[in-house]
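What follows is each chain in one-letter form.
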Amino acid sequence: MPGGYPVLFHVEGRRCVIAGGGAVAERKAAGLLEAGADVLVVAPGLSLRLREWAEQGTIRAEAREVRASDLDGAALAFAATDRPDVNRWFASEARSRGIPANVADDGEAGDFVTPAVVRRGDFVLAVSASGAGPALSARVARELAERYGPEYAELTAILRKVREAVKAGVPDPAERRRLLGAAATDEAIRLWLSAPPAGEEPERLLRELRKLADSSQL
Ligand SMILES: C[C@@]1(CC(=O)O)C2=NC(=C\c3[nH]c(c(CCC(=O)O)c3CC(=O)O)Cc3[nH]c(c(CC(=O)O)c3CCC(=O)O)/C=C3\N/C(=C\2)[C@@H](CCC(=O)O)[C@]3(C)CC(=O)O)/[C@H]1CCC(=O)O
Ligand SMILES: NC(=O)c1ccc[n+]([C@@H]2O[C@H](COP(=O)([O-])OP(=O)(O)OC[C@H]3O[C@@H](n4cnc5c(N)ncnc54)[C@H](O)[C@@H]3O)[C@@H](O)[C@H]2O)c1
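Let me sum up the structure you'll find in this document. Just so you know, these numbers come straight off a predicted model, no measurement behind them.

**Some words on the packing of helix H1 (residues 23-34) against helix H2 (residues 48-56)**
Next, step 1: Two elements in contact, H1 and H2, have axes whose closest approach is 9 Å; the angle formed by their N-to-C orientations is 40°. Relative to H2, the element H1 is oriented oblique. The interaxial crossing formed by H1 with H2 has left-handed handedness. Contacts between H1 and H2 pair Ala25, Glu26, Ala29, Ala30 and Leu33 from the former with Arg49, Leu50 and Trp53 from the latter.
Next, step 2: Among the residues forming the contact of H1 with H2, the class breakdown is six nonpolar, no polar and two charged.

**Some remarks on the packing of helix H5 (residues 151-169) against helix H7 (residues 186-194)**
Geometrically, a packed helix pair is captured by the angle between its two axes and the distance between the axes.
Next, step 1: Following both chains from N to C, one finds H5 and H7 inclined at 100°, their axes separated by 10 Å at the closest point. Put simply, H5 runs roughly perpendicular to H7. Of the residues in H7, those in contact with Glu151, Tyr152, Glu154, Leu155, Ile158, Leu159 and Val162 of H5 are Ile189, Trp192 and Leu193.
Next, step 2: Looking at side-chain class alone, the contact of H5 with H7 contains eight nonpolar, no polar and two charged residues.

**A look at the environment of glycine 21**
Next, step 1: Within the fold, glycine 21 resides in the loop between strand S1 (15-19) and H1.
Next, step 2: We classify glycine 21 as buried; its relative accessible area is 7%.
Next, step 3: Each C-alpha atom, one on glycine 21 and one on glutamate 187, is 46 Å from the other, the two residues being 166 residues apart in sequence.
Next, step 4: Here glycine 21 is in contact with Val41, Ala43, Gly45, Leu46, Ser47 and Leu50, once residues within four sequence places are set aside.

**Brief notes about the site of ligand 2**
Next, step 1: In the neighbourhood of ligand 2, 19 residues make up the surrounding shell, with Gly21, Val24, Arg27, Gly45 and Val66 lying closest.
Next, step 2: The contact in question runs from an oxygen atom of ligand 2 to an N or O atom on the backbone of alanine 23, over 3.1 Å.
Next, step 3: Coverage of ligand 2 by the protein chains reaches 68% of its 870 Å² of free accessible surface.
Next, step 4: With respect to the detected pockets, ligand 2 is housed in the second largest pocket.
Next, step 5: No other element matches the three residues that H1 contributes to the shell around ligand 2.
Next, step 6: In terms of residue class, the shell around ligand 2 is made up of nine nonpolar, five polar and five charged.

Scoring rules and cut-offs
- Residues numbered from 1 in each chain as written.
- Chains lettered and ligands numbered in written order.
- Predicted model: local features only at pLDDT ≥ 70, side-chain atom pairs only at ≥ 80, totals over all residues.
- Heavy atoms only, no water.
- Axes fitted to C-alpha atoms, helices over the stretch in contact; angles between N-to-C directions.
- Helix = DSSP H or I, 4+ residues; strand = E, 2+ residues; numbered from the N terminus.
- Parallel < 35°, antiparallel > 145°, perpendicular 65-115°, else oblique.
- Left-handed = near helix turned anticlockwise from the far one by under 90°.
- Contact = heavy atoms within 4.5 Å.
- Nonpolar A, V, L, I, M, F, W, Y, C, P; charged D, E, K, R; others polar.
- Buried < 20%, exposed > 50% of the residue type's maximum accessible area, 1.4 Å probe, protein only.
- Near = heavy atom within 4 Å.
- Polar contact = N/O pair within 3.5 Å; in protein donor to acceptor, adjacent residues only side chain to side chain.
- Areas by Shrake-Rupley, 256 points an atom, 1.4 Å probe, with all protein chains shown as cover.
- 1 Å grid on protein atoms, 1.4 Å probe; cavity = no way out; pocket = protein on both sides within 12 Å on 5 of 7 lines; lining within 4 Å.
- Sits in = over half its atoms within 2 Å of the grid points.

Here you go:
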């Protein structure tokens, strides 16, 4: 399989359908919920967690075999049953309706594979070995999770504000790039995390950034 094209697909509020209700379906559902999707799970046997989510109204679940009509209005489809024939049929039904499908027992049979993900707010790290070694992807994601802790969620929120200030206050593209580069250095990250710039006037923020850029010789 030639390397796939990585994207962040916006699923917020959009229906994503999972055929299957075991450990794999549960993992796909968890990732979709983190991204704000409207999750429908269909399987005769639903895991305990999936049943709990359904009772709480976190997902919709149907305890029966999957049908083509379950795909109505879906943005993405996940074939995660333990029946390879059902998975292939479900993926081909999805594809015929123009809905991209993932096939859990054979990555190459689907339109996309799901990487191992570390999510820190808007900072998203995704690791894929394109199906060659999911255990490697999972291990590297665990290593990244240690390196990039929960503070990166706050950091990303700060960077967004810094970027807005630069975009609004610095018309020259080269200077913009220089300052935004400086905003992502280790030194800047230490500064943002120890003294978050919330509520500061943009002018002061820009002065701070110019100092950082000069000191890191950007
Ligand atoms: C990353 C992760 C994300 C997720 O699922 O959300 C994910 N698999 C994870 C773990 C994992 N899966 C398996 C093992 C046991 C070790 C092993 O078999 O190697 C472990 C390790 C573990 O559990 O630690 C078994 C397995 N997986 C696939 C097959 C079928 C095949 O080979 O085609 C079989 C054999 C089934 C069998 O023989 O019965 C297929 C796929 N698994 C993928 C994703 C896609 C490509 C990922 C990539 O791009 O690298 C792809 C192609 C399709 C897809 O699902 O999209 C998640 C880690 C989450 C985390 O912990 O962070
Ligand atoms: N992609 C991955 O990460 C990965 C990892 C491990 C295994 N797998 C593959 O994924 C498959 C599922 O793994 P699992 O651990 O979740 O299995 P599991 O046995 O825990 O669950 C299988 C599920 O499929 C459901 N099912 C069976 N027939 C169905 C139908 N007609 N319609 C809807 N649902 C149906 C069952 O009710 C059950 O909920 C495995 O067979 C394996 O090939 C993929």
